[in-house]
Amino acid sequence: MVREIAFEILPLLARFLEEAYNYEEQLEREIILAEEILSEAEKALAASSRSQARLLGENARLSGAGEPI
């Protein structure tokens, strides 16, 4: 589901914003909403990346990978 959002839905939203800026006065509310959605998605993806990095680091520590000999 995250992959679909990140690689299918968010690019569509970004393209919408690119076009919507040409009609900024008429689409002001929609632009604000789309920008908020992209901002929240960016935060969620960043948090997810940090969680995955922590998990990878924990797995490496538990398996002994990366420790000095």
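Our structure is the block above this text.
The sections below set out a description of the structure shown in this document.

What counts, and at which threshold
- Residues numbered from 1 in each chain as written.
- Predicted model: local features only at pLDDT ≥ 70, side-chain atom pairs only at ≥ 80, totals over all residues.
- Heavy atoms only, no water.
- Helix = DSSP H or I, 4+ residues; strand = E, 2+ residues; numbered from the N terminus.
- Buried < 20%, exposed > 50% of the residue type's maximum accessible area, 1.4 Å probe, protein only.
- Areas by Shrake-Rupley, 256 points an atom, 1.4 Å probe, with all protein chains shown as cover.
- Salt bridge = Lys/Arg side-chain N within 4 Å of Asp/Glu carboxyl O.
- Expected span 1.5 Å × (residues − 1).
- Bend = angle between axes of the 7 residues up to and from the residue.
- Core = buried A, V, L, I, M, F, W, Y, C linked by side-chain atoms within 4.5 Å.
- Contact = heavy atoms within 4.5 Å.
- Patch = residues over 30% accessible without salt bridge, like charges linked within 9 Å, V, L, I, M, F, W, Y side chains within 5 Å.
- Lys, Arg positive; Asp, Glu negative; His and termini not counted.
- Charge placed at Lys NZ, Arg CZ, Asp CG, Glu CD.

For the protein, the helix and strand inventory stands at two helices and zero strands. Buried positions account for 10% of the 69 residues belonging to the protein. Split by element, the accessible area of the protein, about 6000 Å² in all, is 58% carbon and sulfur.

Turning our eyes to something else, we now look at the pattern of salt bridges. Two side chains that carry opposite charge are able to pair once their charged atoms sit near each other. Enumeration according to the criterion identifies one salt bridge in this entry. Linking Glu-40 and Lys-43 is a salt bridge whose minimum nitrogen-to-oxygen distance equals 3.3 Å. Of the two residues, Glu-40 and Lys-43 both sit in helix 2 (residues 28-63), three residues apart, roughly one turn of that helix.

Taking 1.5 Å of rise per residue, 19 residues should cover 27 Å, and helix 1 (residues 2-20) covers 25 Å from first to last C-alpha, within 8% of that figure. The largest bend in helix 1 comes to about 30°, at Ile-9, with the proline Pro-11 one to four residues further on. Those residues of helix 1 not exposed but buried are Leu-10, Leu-13, Leu-17 and Ala-20.

Another point: the nonpolar core. In terms of nonpolar packing, the biggest core is built from seven residues, these being Leu-10, Leu-13, Leu-17, Ala-20, Ile-31, Ala-34 and Ala-41. Mapped by element, the contributors of at least two residues to this core are helix 1 and helix 2. The element that contributes the greatest number of residues to this core is helix 1, accounting for four residues. In contact with Ile-31, not counting residues within four places along its chain, are Leu-17, Ala-20, Tyr-21 and Glu-24.

A surface patch of negative charge is lined by Glu-24, Glu-25, Glu-28, Glu-35 and Glu-36. Tracing the backbone shows Glu-25 in the loop between helix 1 and helix 2.

Another point: a nonpolar patch on the surface. On the surface, a cluster of nonpolar side chains totalling about 330 Å² of accessible area is made up of Met-1, Ile-5 and Ile-9. Topologically, Ile-9 is positioned in helix 1.

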